[in-house]
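Examination of the molecular architecture
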Amino acid sequence: MDAVVVEHLQRSFRVNRQKEGFWAKLRGLIKRESETIHAVKDVSFRIEKGEMVGFLGPNGAGKTTTLKLLSGLLMPTAGKATVLGYEPWKRENAYRRRFSLLMGQKNQLWWDLPAQESFRLHKEIYRIETKRYQDRMDELTDLLEIRKQLSQPVRELSLGQRMRMELIAALLHDPEILFLDEPTIGLDVISQNKVQQFLKYYQEHKQITVLLTSHYMKDVEALCKRVIIIDEGIIKHDGLLTDVLSQLNPQKVVTLKFSEHVESTQLSEYGDIIEQSPMTVKIRLGKADIPGVLSYALAEYPVEDVSVQDRPIEELFAELFSRRQTTEEETRAAVASM
Amino acid sequence: MESALSSYRVYFEIFKISVAERLTYRADFIFSTFVRFLPIVTQIFLWSAIYGIGTSSPRASINAYSYQDMVAYYLLTMVARAFSSMPGLSSGIAEEVRDGSIKKYLTQPIDLLGYLLWYRIAHKLVYYVFAALPYGIVFYLCRQYFTHTPTWEMWVGFILSLVMSFLIGFLIESLLGLAAFWFLEISSLMFIYMMLNYFLSGHMIPLDWFPSWLTVWVDLLPFKFTAYTPCAIILGKYDNSGILRELCLEFAWIIGLWIANRCAYHYGVKQYSAFGG
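Residues numbered from 1 in each chain as written. Chains lettered and ligands numbered in written order. Predicted model: local features only at pLDDT ≥ 70, side-chain atom pairs only at ≥ 80, totals over all residues.

What follows covers the overall build of chain B. In terms of regular secondary structure, chain B is built from 13 helices and 0 strands. Of the regular secondary structure in chain B, the N- to C-terminal order runs α-α-α-α-α-α-α-α-α-α-α-α-α. Taking 277 residues into account, the globule formula puts the C-alpha radius of gyration at 19 Å, and chain B, at 20 Å, falls close to it. The principal-axis extent of the C-alpha atoms belonging to chain B is close to 70 × 45 × 40 Å. The 277 residues of chain B split such that 36% are buried. Taking as baseline every contact in chain B between residues at least 6 positions apart, the subset at least 24 positions apart corresponds to 81%. (Helix = DSSP H or I, 4+ residues; strand = E, 2+ residues; numbered from the N terminus. Rg over C-alpha atoms; globule rule 2.2 N^0.38 Å. Buried ≥ 20, exposed ≤ 12 C-beta atoms within 10 Å, placed from the backbone. Contact = placed C-beta atoms within 7 Å.)

Below is the structure:
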């Protein structure tokens, strides 16, 4: 069963263009020039109940806009979407009781008060029964190891502790669907790990549906089997993370270590040599070529050790998005010089 | 029934949490309460100079207000303002619209206006608890300025008009704040409102001091309920039917402003989700 159905969703914004310079500004007083930005151009996807999907893309790709559309903060310019059968932008209370939106950069706890006060307010807002509330609190504070800090004012908490409190606030009412926008932003590695582990455990046990955006590929790698990659408001890839990776990168890096000095090899005929020294060769090979090249190398050279690795996921995405950005920058520069 | 009970419980919880928040900064709060009493001294001096008190020819009355009446009026406007002024309400809403924290009210099953109202009620009640003693002392020290004894009808009218002035003040300022859905920056709008309100509410001088052609118009506006009306009632400027008329009018304004707020919120959120975000 699909929890989220998105069909040809579009969302554009009109922004006033402000020109530089005195006269241009003065002219702007009389005639406002506006520009339409297509944040989400054409987005369609489905998410099954109980799936955890990573939503990836560079800044300004349309990730957050899509999440805002799905949580009812924005109305689409065109297209359709239903979440748990509801049209999000109608903002029905019945829908609002069943989902949660957590933005890593926004704080929704009362700053000057202990987090438990905010939780008590959530208990009433979401009409959680007292017994159930107690159980949820026990469960979540144990999982997140944050029970002791419950009575400490939020402003005194570390960023990592605060984020875990935000997670409790978002999950207290047992949402069936969770939208996470950069849940680990700014956190140190340890806190990041804790949040990841928690989300993984929680999602697997409760089988809730999660759509997660993150800049940290580690989050996505650790949590999501499936990823949707969006860029310039359009979906570029949608599928299993492993498939997307091999599509993006049909190559692997093979490292050969020799037991004695090898002055020169013929390996460059098969792939790009990344690194070469008398004792080691690092070469990028197409996946299909690996067995052949390896047997050739083992026969020809004194190979002591072999390792075959995927390229780091960060590197792949950085390459994918930077390719787009450089072409965009070039066109911008070209337009500007006209 | 069940839903009425649970929304009551939500508001009670908002009330409790707001009180707790308010008590966090007790020291600052008590200090600011005391600072607010300082202008009293200068105001009393000002009016005594205007009336020529201590000179050879003091004026017995100006526009039917004796010197005592005038000081009493001034002290009473302070009480009325303690009910009707809403520091930070408009700017708070505008800030939440601008920085996006308004999303809290849009993604959770709560109502922004109800939330803000109960938050304000809590803040006001905490304020009265802390300010009751200093107000008591001031009124005791200034007892010589209160020359007439109000009737019980005046007392009832006074108290009702104070409670309603809280609502009028709240509704006007929240309406201004909701304008941020369209304008984003409302600080100059706020400034105009504060200037006009200082004048049109009777905070500066009693409204019956204005020329009659102006009074007719000012009478049609809701601002007078935020300062002048409660003071005029307790000072005996209205007879009983006048008190009743003013209270009914004030109530009608509350209904009207409430509807205006509801509409502004409804269309504001639409505007926000259609254009902003």
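Another point: the packing of helix H3 (residues 39–50) of chain B against helix H4 (residues 67–84) of chain B. Helices that pack against each other are described as a pair by the angle of their axes relative to one another and the distance between those axes. Residues and elements named next belong to chain B. Where H3 contacts H4, the two axes come as close as 10 Å, and the packing angle between them is 155°. Comparing the axis directions of H3 and H4 gives the class roughly antiparallel. For the pair H3 and H4, the crossing hand works out as right-handed. Note on element contacts: H4 touches H3 through Tyr67, Met70, Val71 and Tyr74, opposite Gln43, Ile44, Trp47 and Ser48. (Axes fitted to C-alpha atoms, helices over the stretch in contact; angles between N-to-C directions. Parallel < 35°, antiparallel > 145°, perpendicular 65-115°, else oblique. Left-handed = near helix turned anticlockwise from the far one by under 90°.)

Residue and element names in this part refer to chain A. Taken in spatial order, the 4 strands of this open sheet run S11-S12-S10-S13, and their pairing is antiparallel. Each having just a single partner strand, strand S11 (272–276) and strand S13 (303–309) make up the two edges of the open sheet. Strand-to-strand twist of the sheet, defined as the mean angle between neighbouring strand axes without regard to direction, takes the value 20°. Pairing between strand S10 (residues 251–258) and strand S12 (residues 280–286): 7 bridges, direction antiparallel. Along S12, the bridge assignment pairs Lys252 with Leu285. Against the sheet, helix H10 (residues 290–300) touches S10, S12 and S13, its axis set at about 165° to S13. (Pairing = 2+ DSSP bridges.)

To continue, consider the domain arrangement of chain A. Domain boundaries in chain A define domain 1 (2–246) and domain 2 (250–309). Between the C-alpha centres of domain 1 of chain A and domain 2 of chain A there is a distance of 44 Å. (Domains from an automatic or database assignment.)

Bringing the confidence of the model for chain A into the picture now. The predicted model of chain A has a mean per-residue pLDDT of 86, with 95% of residues at 70 or higher. Scored below 50 in pLDDT, residues 331–338 of chain A makes 0 contacts in the model with residues more than four places away or belonging to other chains. (pLDDT = per-residue confidence, 0-100.)

It is worth spelling out unusual backbone geometry at this point. One non-glycine residue, Asp174(A), lies in the positive phi region at around 60°. Looking at the element boundaries, Asp174(A) is found in the loop between helix H6 (159–171) and strand S6 (177–181).

Another aspect to go through is the nonpolar core. In terms of nonpolar packing, the biggest core is built from 130 residues, with Ile168(A), Leu211(A), Val227(A) and Cys231(B) touching the most fellow members. When residues in this core are grouped by element, the largest group, 12 residues, is from helix H8 (residues 152–178) of chain B. Contacts of Cys231(B), omitting those with residues within four sequence positions, involve Tyr73(B), Leu76(B), Thr77(B) and Ala80(B). Grouped together as the second largest cluster of nonpolar side chains are 7 residues, Leu256(A), Leu267(A), Val281(A) and Leu285(A) included. (Core = buried A, V, L, I, M, F, W, Y, C linked by C-beta atoms within 7 Å.)

Tracing the sequence through the fold places Arg262(B) in helix H13 (residues 240–275). For the pair formed by Arg262(B) and Ser48(B), sequence separation is 214 residues and the distance between their alpha carbons is 46 Å.

For the rest of this paragraph, the subject is the interface of chain B and chain A. In this complex, chain B contributes 22 residues to the contact, which on the side of chain A involves 25 residues. For the side of chain B that touches chain A, the elements supplying multiple residues, two or more each, are helix H1 (2–24), helix H6 (103–107) and H13 of chain B. Residue contributions to the side of chain B that touches chain A peak at 9 residues, all from H1(B).

To continue, consider the environment of Leu235(B). With respect to the helices and strands, the residue Leu235(B) is situated in the loop between helix H12 (228–234) and H13. Ignoring anything within four residues of it in the chain, the contact list for Leu235(B) reads Asp69(B), Ala72(B) and Tyr73(B).

Bringing the packing of helix H5 (residues 130–144) of chain A against H6(A) into the picture now. Residue and element names in this part refer to chain A. Interaxial distance between H5 and H6 falls to 10 Å at its minimum, and their mutual angle equals 150°. With respect to their mutual orientation, H5 and H6 come out roughly antiparallel. Crossing handedness for the pair H5 and H6: right-handed. For the pair formed by H5 and H6, the contact residues are Leu140, Thr141 and Leu144 on the first element and Arg164, Leu167, Ile168 and Leu171 on the second. Of the residues belonging to the contact of H5 with H6, the class tally is 5 nonpolar, 1 polar and 1 charged. (Nonpolar A, V, L, I, M, F, W, Y, C, P; charged D, E, K, R; others polar.)

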